[in-house]
Amino acid sequence: MEELQELKRRRQAIILAHNYQPPAIQDLADHVGDSLELSLLAARADARVIVFCGVDFMAEAAALLAPDKLVLLPDLRARCSLADMITPEDVRALRTMHPGAAVLSYINTSAAVKAESDVTVTSSNAQRVLDAIPNGEVIFVPDGNLGRYLATRSGRRVVTWDGHCRAHHEVRVDDVRTARRLHPRAVLMVHPEVRPEISACADLVLGTGGMVRMARERPETEFIVGTEAGLLHRLTGENPGKRFYLLSPSLWCHTMKYTTRDRIIACLRDLEPRVQVPPGVAARARRAMERMVELT
Ligand code: CIZ
């Protein structure tokens, strides 16, 4: 820890950790949050170097919003399989098939896909952004479950893509039955990346930021959590006296767990691996992210 603190000071660095990071990484970070919160923090931070403990698209989003800072991702194997399920060419083909439709891309996309989109959304603001888009056809990529959830909530026609998060998509109705039986008084909160039949039987459907807020504000003391296991560390730490149960053992993202303290030290020492977005792509992708910030 001494070596890490000394390197941080020397590099004028801050460490940002996503809510899904391993507990030890959350504990050493300067801030823990969702991808948008952390990217906005990166932009405002009085630092020259940002160590982003998360997956590739998150570090890219931080690099887009904080172009004056050096953004490091401790392990380049930390990729998001959902983000890898769509390419910029796929988005261009969807636009050709649906001329005039607005393209909303989930934050879990590469900068190159964001650059092909009209606006980016996160799980916490997707509904608000959709409501702010004038009536007409909307394309939502790449998470099919979240796209279908938005279509059901809004009653609008949403063209979806068949991508999914492996961890959330694996949750089954049987997991819900078992958890409800074991914890009958608990509030069931799930992430909108789960299948529609799972969100349909939940008490709350929320992104991780919303789950953190609800756990704090609701009077109930037990919660079944339908999102990646890493969030339980934060929920438990911030809410002594309340209990949190993971909805399903499938809720585990392997690539989120590549970050280690040694890798953070190595990247602060070597100032590598860097996350950089080519300028032509960056300008258009930043516009899609800024539009989201304007609309929410
Ligand atoms: O936006 C994020 O950080 C993700 C991927 C999930 C969430 O709900 O926070």
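None of these values were measured; they are calculated from a predicted model. (Residues numbered from 1 in each chain as written. Predicted model: local features only at pLDDT ≥ 70, side-chain atom pairs only at ≥ 80, totals over all residues. Heavy atoms only, no water.)

K.L.:
I'd like to hear about the side chain of D143, residue by residue, with values.
P.N.:
Along the chain, D143 falls in the loop between strand 7 (138–141) and helix 8 (144–154). For the buried D143, no salt bridge is present, and the opposite-charge side chain at shortest range is R148, 6.4 Å distant. At 3.0 Å, the side chain of D143 forms a polar contact with the backbone nitrogen of N145. Here L146 takes part through its backbone nitrogen, which lies 2.7 Å from a polar atom of the side chain of D143. (Helix = DSSP H or I, 4+ residues; strand = E, 2+ residues; numbered from the N terminus. Buried < 20%, exposed > 50% of the residue type's maximum accessible area, 1.4 Å probe, protein only. Lys, Arg positive; Asp, Glu negative; His and termini not counted. Salt bridge = Lys/Arg side-chain N within 4 Å of Asp/Glu carboxyl O. Polar contact = N/O pair within 3.5 Å; in protein donor to acceptor, adjacent residues only side chain to side chain.)

K.L.:
A description of the site of the ligand should follow, citing residues and the corresponding values.
P.N.:
Taken together, H18, Y20, D34, S35, I107, N108, S123, H191, G207 and T208 make up the full set of residues near the ligand. Contacts to the ligand include H18, whose side-chain N or O atom sits 2.6 Å from an oxygen atom. Contact distances for the ligand include 2.5 Å between an oxygen atom and a side-chain N or O atom of T208. Within the complex, the protein chains bury 98% of what would otherwise be the 270 Å² of accessible surface of the ligand. For the shell around the ligand, the class distribution of residues is two nonpolar, seven polar and one charged. (Near = heavy atom within 4 Å. Areas by Shrake-Rupley, 256 points an atom, 1.4 Å probe, with all protein chains shown as cover. Nonpolar A, V, L, I, M, F, W, Y, C, P; charged D, E, K, R; others polar.)

K.L.:
So what's going on with helix 1 (residues 2–11)? Residues and values would help.
P.N.:
Those residues of helix 1 that fall on the buried side of the exposure criterion are L4, L7 and K8. In an axial view of helix 1, the angular spread of the buried residues amounts to 100°, which keeps them on one side of the axis. Turned more than 90 degrees off the buried face of helix 1, the exposed positions are E2, R9 and R10. (Arc of directions from axis to C-beta.)

K.L.:
Account for the domain arrangement of the chain, with residues named and values stated.
P.N.:
Note: interface size is frequently given as the accessible area lost on complex formation between the parts. When cut into domains, the chain gives domain 1 (2–79 + 256–276), domain 2 (83–165 + 284–295) and domain 3 (167–252). Relative placement of domain 1 and domain 2: their C-alpha centres are 26 Å apart. Facing eleven residues of domain 1, the contacting portion of domain 2 comprises 16 residues. With both chains or domains summed, domain 1 and domain 2 bury close to 1100 Å², and 68% of this area falls on carbon and sulfur atoms. Taken as a group, L36, F57 and L64 account for 52% of the area that domain 1 buries against domain 2, more than any other trio of residues on that side. In this assembly, domain 1 and domain 2 are joined by one salt bridge. Between D84 and R79 there is a salt bridge whose closest N-O contact spans 2.9 Å. (Domains from an automatic or database assignment. Contact = heavy atoms within 4.5 Å. Buried area = accessible area lost by both parts, 1.4 Å probe.)

K.L.:
Please give an account of the sheet that holds strand 7 that cites residues and values.
P.N.:
Spatially, the four strands line up as an open sheet ordered 6-5-7-8, and their pairing is parallel. Looking at which strands have only one partner, the edges of the open sheet turn out to be strand 6 (119–121) and strand 8 (158–160). Averaged over all pairs of adjacent strands, the angle between strand axes in this sheet comes to 30°, irrespective of strand direction. Judged from the three bridges that link them, strand 5 (residues 102–106) and strand 6 form a sheet pairing that is parallel. Paired with S105 across the bridge in strand 6 is T120. (Pairing = 2+ DSSP bridges. Axes fitted to C-alpha atoms, helices over the stretch in contact; angles between N-to-C directions.)

K.L.:
Can you lay out helix 15 (residues 279–295) for me, pointing to particular residues and giving the numbers?
P.N.:
Taking 1.5 Å per residue, 17 residues should reach 24 Å; helix 15 reaches 24 Å between its end C-alpha atoms and fits that length. For helix 15, every residue scored as buried is listed here: A282, A285, A288, M289 and M292. Burial along helix 15 is one-sided: seen end-on, the buried residues are contained in an arc of 130°. For helix 15, exposure combined with an orientation more than 90 degrees from the buried face picks out P279, G280 and E294. The elements touched by buried residues of helix 15 are helix 3 (35–44), helix 4 (56–65), helix 6 (111–115) and strand 6. (Expected span 1.5 Å × (residues − 1).)

K.L.:
Hey, could you go over unusual backbone geometry for me, with residue numbers and the actual values?
P.N.:
Glycine aside, residues mostly have negative phi angles, and peptide bonds mostly take the trans form. Cis peptide bonds are those with omega within 30 degrees of zero, and the linkage from V141 to P142 qualifies with -5°. Counting through the fold element by element, P142 comes out in the loop between strand 7 and helix 8. Going from E272 to P273, the amide bond is cis rather than trans, its omega being -10°. Structurally, P273 is set in the loop between helix 14 (261–270) and helix 15. A positive phi angle, close to 50°, is found at Q12, a residue other than glycine. Here Q12 is to be found in the loop between helix 1 and strand 1 (13–18). In this model, L271 sits at a positive phi of 55°, which is unusual for a non-glycine residue. Residue placement: L271 occurs in the loop between helix 14 and helix 15.

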